[in-house]
Amino acid sequence: MPESKPNESKSSFNPEPWIRPNIRTLNPYHAARDDFHEGVLLDANENSFGPAIPTDLPLHRYPETRLNDLRRKWAGFRGIRMEHVFVGVGSDEAIDLLMRIFCEPGRDEIIITPPTYGMYKVAARINNVGVAEAALSKNFELDARAVLSRVTKNTKMIMLCSPNNPTANVLNQVEIERILKDFDRLVVVDEAYVDFSDSGSLCHLMETCPNLVILQTLSKSFGLAAIRMGAALAHPIVIEWMMKVKAPYNVNRLTADAAMLAFDHVDKMREKVRQIITERNRLASALAKHPDVQTIFPSDANFLLVRIRGAQHWYRRLAERGVIVRYRGDQLHCEDTLRITVGTTPENDQLISELYDSKNAPDH
Ligand SMILES: Cc1ncc(COP(=O)(O)O)c(C=O)c1O
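Residues numbered from 1 in each chain as written. Predicted model: local features only at pLDDT ≥ 70, side-chain atom pairs only at ≥ 80, totals over all residues.

**Q** Give me the overall build of the chain: which residues, what numbers.
**A** Assigned secondary structure in the chain consists of eleven helices and eleven strands. Since a compact globule built from 364 residues should have a radius of gyration of about 21 Å, the 22 Å found for the chain is in line with a globular shape. By residue count, 39% of the 364 residues in the chain fall in the buried class. (Helix = DSSP H or I, 4+ residues; strand = E, 2+ residues; numbered from the N terminus. Rg over C-alpha atoms; globule rule 2.2 N^0.38 Å. Buried ≥ 20, exposed ≤ 12 C-beta atoms within 10 Å, placed from the backbone.)

**Q** How would you sum up the packing of helix H3 (residues 90–102) against helix H4 (residues 119–126)? Please name residues and give values.
**A** Helix-helix packing is described using two parameters, namely the angle between the two axes and the distance between the axes. Here H3 crosses H4 at 40 degrees, and the two axes come no closer than 10 Å. If you check the angle between H3 and H4, you find them oblique. The hand of the H3/H4 crossing is right-handed. Across the interface between the two elements, Asp92, Ile95, Asp96 and Met99 of H3 pack against Met119, Tyr120, Ala123 and Ala124 of H4. In the contact of H3 with H4, the residues fall into six nonpolar, no polar and two charged. (Axes fitted to C-alpha atoms, helices over the stretch in contact; angles between N-to-C directions. Parallel < 35°, antiparallel > 145°, perpendicular 65-115°, else oblique. Left-handed = near helix turned anticlockwise from the far one by under 90°. Contact = placed C-beta atoms within 7 Å. Nonpolar A, V, L, I, M, F, W, Y, C, P; charged D, E, K, R; others polar.)

**Q** Which residues make up unusual backbone geometry, and what are the values?
**A** In this model, proline 114 is joined to proline 115 through a cis peptide bond whose omega is 0 degrees. With respect to the secondary-structure elements, proline 115 resides in the loop between strand E2 (109–112) and H4. Along the chain, asparagine 165 connects to proline 166 via a cis peptide bond; the corresponding omega equals 15 degrees. Examined against the element boundaries, proline 166 turns out to sit in the loop between strand E4 (155–161) and helix H6 (173–182). Notably, aspartate 336 is not glycine yet its phi reads approximately 55 degrees, a positive angle. Residue position: aspartate 336 is located in the loop between strand E10 (326–327) and strand E11 (337–341).

**Q** Describe in detail the sheet that holds strand E3 (residues 130–133), supporting the description with residues and values.
**A** Pairing is mixed in the open sheet, where seven strands are placed in the order E1-E7-E6-E5-E4-E2-E3. The open sheet has two free edges, formed respectively by strand E1 (85–88) and E3, since each of these has just one partner strand. The sheet shows a mean angle of 25 degrees between the axes of neighbouring strands, taken without regard to direction. By the bridge criterion, four bridges tie E2 to E3 in an arrangement that is parallel. Pairing of glutamate 109 across the sheet is with glycine 130, part of E3. (Pairing = 2+ DSSP bridges.)

**Q** Explain the sheet that holds E10 to me, using residue names and the numbers behind them.
**A** Read from one edge to the other, the open sheet built from four strands follows the order E8-E9-E11-E10, with strand pairing classed as antiparallel. Sheet topology places strand E8 (293–296) and E10 at the edges, where each strand pairs with a single neighbour. Alignment of E10 against E11, held across two bridges, turns out to be antiparallel. Counterpart to arginine 326 in the pairing with E11 is arginine 339.

**Q** Explain the packing of helix H9 (residues 266–288) against helix H11 (residues 345–356) to me, using residue names and the numbers behind them.
**A** At a minimum axis distance of 11 Å, the contact between H9 and H11 shows a crossing angle of 10 degrees. Compared by their axis directions, H9 and H11 come out roughly parallel. Facing H9, whose interface residues are Glu279, Arg282, Leu283 and Ala286, H11 presents Thr345, Asn348 and Ile352. Split by residue class, the contact of H9 with H11 holds three nonpolar, two polar and two charged.

**Q** Explain the site of the ligand residue by residue, including any values.
**A** Taken together, the residues surrounding the ligand are Gly90, Ser91, Asp92, Tyr117, Cys161, Asn165, Asp190, Ala192, Thr217, Ser219, Ala225 and Gly230. The dominant element in the shell around the ligand, judged by the number of residues it contributes, is H3, at three residues. For the shell around the ligand, a count of residues per class yields four nonpolar, six polar and two charged. (Near = placed C-beta within 6 Å.)

**Q** Describe helix H8 (residues 253–264), and please don't skip the residues or the numbers.
**A** A rise of 1.5 Å per residue sets the reference length of H8, with its twelve residues, at 16 Å; its end C-alpha atoms lie 17 Å apart and thus fit the reference within 8%. Buried positions along H8 lie against helix H2 (68–78). (Expected span 1.5 Å × (residues − 1).)

**Q** Lay out H3 with the relevant residues and their values.
**A** Note that an α-helix has 3.6 residues per turn; residues three or four places apart therefore point the same way. Between its first and last C-alpha, H3 extends 19 Å over 13 residues, near the 18 Å set by a 1.5 Å rise per residue. Where burial is concerned, most of H3 is hidden: eleven out of the 13 residues are buried. Buried within H3 are the following residues: Gly90, Ser91, Glu93, Ala94, Ile95, Asp96, Leu97, Leu98, Met99, Ile101 and Phe102.

**Q** Got a sec to walk through the environment of cysteine 103? Specific residues and values, please.
**A** Considering the arrangement of structural elements, one finds cysteine 103 in the loop between H3 and E2. The class for cysteine 103 is buried, based on 26 C-beta atoms found within 10 Å. Through-space distance from the C-alpha of cysteine 103 to that of tyrosine 29 is 21 Å; in sequence the pair is 74 residues apart. Contacts of cysteine 103, omitting those with residues within four sequence positions, involve Asp108, Ile110, Asn127, Val129 and Lys156.

As structure tokens, then:
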């Protein structure tokens, strides 16, 4: 059985026995910039003559390693403390790091709840970590009992995604809390789409559920997918292990600057989220009247999962017409579905008009 019970009390939380032995004994790389940021900097073999591109930015210097200012801003935005924040190259870096720290290759496993975001399984396979599946119900609801029944002595993490990709719904918080309470190791809740949902983040559980790890990203609501910036929000001990194992300069200077700026413009993000939700509702109403559309699943995200007769046909035909959506009919409980990201008004109009153009219809 697990060596310690994280929920027995806040102060007794000790994830260290779950950490892989080679990581536990790791002597982390000590970067030059950890010690000095100013003065005559001749300690990191940088190019003292500056960047070889026209720029006013000091791009010849290695970036910060701990990014405390950015972590503080992220924490302030979510109402937690900086010590709870790890920032990295998208949330994908955090997923990979957690596996490398906590899962012994060839022995340990994670639990995922299909249909869900594909990276959990891919990251597990890359790290030679086993994957057990506890499916969501046909209505895409989380069943804590089903998840907990898959736990073995080698289960190190349970990966939940809320709002879930590709199903777009928020998972029931009571079920999530039950898993947090009854599972002795890490419960990861991916909140990539949280700002599109009325339910809000689970950050408020951070102090009482030390085994909770929340993943967030600037790729969705903040519209900054290109900069590759994500975070893991977790107990400070977990965060410190992530800091030790990450590449020393994982976040580049340009990304860090853009991310800092993002938190100075949260009102802009909120405005875009409002626009996307308005368009999501308009798109859903237009799709609902289409003769082939059978179900539009409720969405708490910036996309719709749509069950449509001839989904394969529609996927291909739309692509031929220059409108690219994602076929998700190969995923559990998602037969005949397309996942459609909410576009701008003209983009959605184009999608709608192609769907209603009789020349594009399948021969049923
Ligand atoms: C649930 C979920 N988590 C994470 C990501 C990726 O986040 P990032 O761009 O921060 O790596 C996605 C992207 O589609 C996603 O759907």
